[in-house]
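# Overview (structure and organization)
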Amino acid sequence: IHRDGKRATVVAAWRDELGHAHLLSMKHRDGSDWVADKVWDLAQRYKVPVAYDTVNAFARSEADKLERAKPRTKLHPYTTREVGTSAALIVDDAANGRVRHYRQPALDEAAAHAVKRGFRQSTSWGIGPSHPDDDVTALEAAAMALRLYDTVTRERRPAVATMRVG
């Protein structure tokens, strides 16, 4: 979710048997009030965990909705440190030819306009837009979903992420 709640992207990520990361934009649109419903539906249908950024107020609001929903969704709140690690993971995988995605406009646009940006009061860094109007929410969500897949998913199902400061 963009830091101003202007737009959001839900992304699924997984690795194939060769270790290549696969990124799939499940939904990308304006606003953020739709996110909890979409994420809950995907999490229940595919039995996948969900990552979100704890720094983003809009993401926390959508996560609160998911916390109240029944049946519960397995949520993984990501701190600035985990968001930074997620960014480093996807940058490394992309630089080494280990990322596959399906030519979706949200991911293509995000990749074209993403830059490395530092976090305030931290030595960590994340993915940010090259210009304030650029939308990199898809790439930020993809990074968190991939890290979640690598660190939490035991059954080798895709992981879902959204809710990242953009």
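Located above this text is the structure these notes cover.
Quick summary incoming for the structure in this document. It should be emphasised that the depicted structure is a prediction, and the values quoted were computed from it without experimental measurement.

## What to know about the packing of aromatic side chains
For the structure on display, the rule yields one aromatic pair. Taking the centre distance of 6.5 Å and the plane angle of 20° together, the rings of tryptophan 14 and tyrosine 102 count as stacked. Taken together, the positions of tryptophan 14 in strand β1 (residues 7-15) and tyrosine 102 in the loop between β5 (99-101) and α4 (105-113) put the pair 88 residues apart, joining distant regions of the chain. Overall, tryptophan 14 belongs to the partly exposed group, its relative accessible area being 21%.

## Overview of the nonpolar core
Judged by nonpolar contacts, the single largest core of 18 residues is most densely connected at Leu23, Ile90, Ile127 and Ala142. Looking at this core, the elements that each hand over two or more residues are β1, β2 (21-30), α3 (80-95), α4 and α5 (137-151). The greatest single-element share of this core, amounting to seven residues, is contributed by α5. Beyond its immediate stretch of four places on either side in the chain, leucine 23 contacts Ala12, Ala13, Ile90, Val99, Arg100, His101, Tyr102, Gln104, Leu107 and Ala142. Core analysis: the next-biggest nonpolar cluster, separate from the first, contains 15 residues, Val10, Trp34, Val39 and Leu66 among them.

## As for the pattern of salt bridges
When the charged atoms of two side chains with opposite charge come close together, those side chains can pair. Across all of its chains, the model carries nine salt bridges by this definition. A salt bridge links arginine 15 to aspartate 93, with the shortest nitrogen-to-oxygen separation between them at 2.5 Å. Remark: aspartate 93 occurs in helix α3 and arginine 15 occurs in strand β1; sequence separation between them is 78 residues. Among the residues examined, aspartate 93 registers a relative accessible area of 3% and is labelled buried.

## A few points about the packing of α3 against α5
At a closest axis distance of 8 Å, the pairing of α3 and α5 adopts a crossing angle of 95°. Comparing their axes, α5 and α3 come out roughly perpendicular. Facing α3, whose interface residues are Glu82, Val83, Thr85, Ser86, Ala87, Leu89, Ile90 and Asp93, α5 presents Leu139, Ala142, Ala143, Met144, Leu146, Arg147 and Asp150. Grouping the amino acids of the contact of α3 with α5 by side-chain chemistry returns nine nonpolar, two polar and four charged.

## Here's the deal with helix α2 (residues 57-68)
A rise of 1.5 Å per residue sets the reference length of α2, with its 12 residues, at 16 Å; its end C-alpha atoms lie 17 Å apart and thus fit the reference within 8%. Among the residues making up α2, those that are buried are Ala59, Glu62, Ala63 and Leu66. Seen end-on, α2 carries its buried residues on one side only, within an arc spanning 105°. Its side-chain oxygen 2.7 Å from the backbone nitrogen of phenylalanine 58, asparagine 56 forms the N-cap of α2.

## A short note on the packing of helix α1 (residues 35-46) against α2
Two numbers describe how α1 lies on α2: the axes approach to 9 Å, and their chain directions differ by 45°. By the angle between their axes, α1 is oblique relative to α2. Of the two elements, α1 crosses α2, and the hand of that crossing is right-handed. Side by side, α1 and α2 meet where Val35, Ala36, Val39 and Trp40 of the first sit next to Glu62, Lys65 and Leu66 of the second. Partitioning the contact of α1 with α2 into residue classes produces five nonpolar, no polar and two charged.

Cut-off values and rules
Residues numbered from 1 in each chain as written. Predicted model: local features only at pLDDT ≥ 70, side-chain atom pairs only at ≥ 80, totals over all residues. Heavy atoms only, no water. Phe/Tyr/Trp six-rings, centres within 6.5 Å; stacked < 30°, edge-to-face > 60°. Helix = DSSP H or I, 4+ residues; strand = E, 2+ residues; numbered from the N terminus. Buried < 20%, exposed > 50% of the residue type's maximum accessible area, 1.4 Å probe, protein only. Core = buried A, V, L, I, M, F, W, Y, C linked by side-chain atoms within 4.5 Å. Contact = heavy atoms within 4.5 Å. Salt bridge = Lys/Arg side-chain N within 4 Å of Asp/Glu carboxyl O. Axes fitted to C-alpha atoms, helices over the stretch in contact; angles between N-to-C directions. Parallel < 35°, antiparallel > 145°, perpendicular 65-115°, else oblique. Nonpolar A, V, L, I, M, F, W, Y, C, P; charged D, E, K, R; others polar. Expected span 1.5 Å × (residues − 1). Arc of directions from axis to C-beta. Polar contact = N/O pair within 3.5 Å; in protein donor to acceptor, adjacent residues only side chain to side chain. Left-handed = near helix turned anticlockwise from the far one by under 90°.

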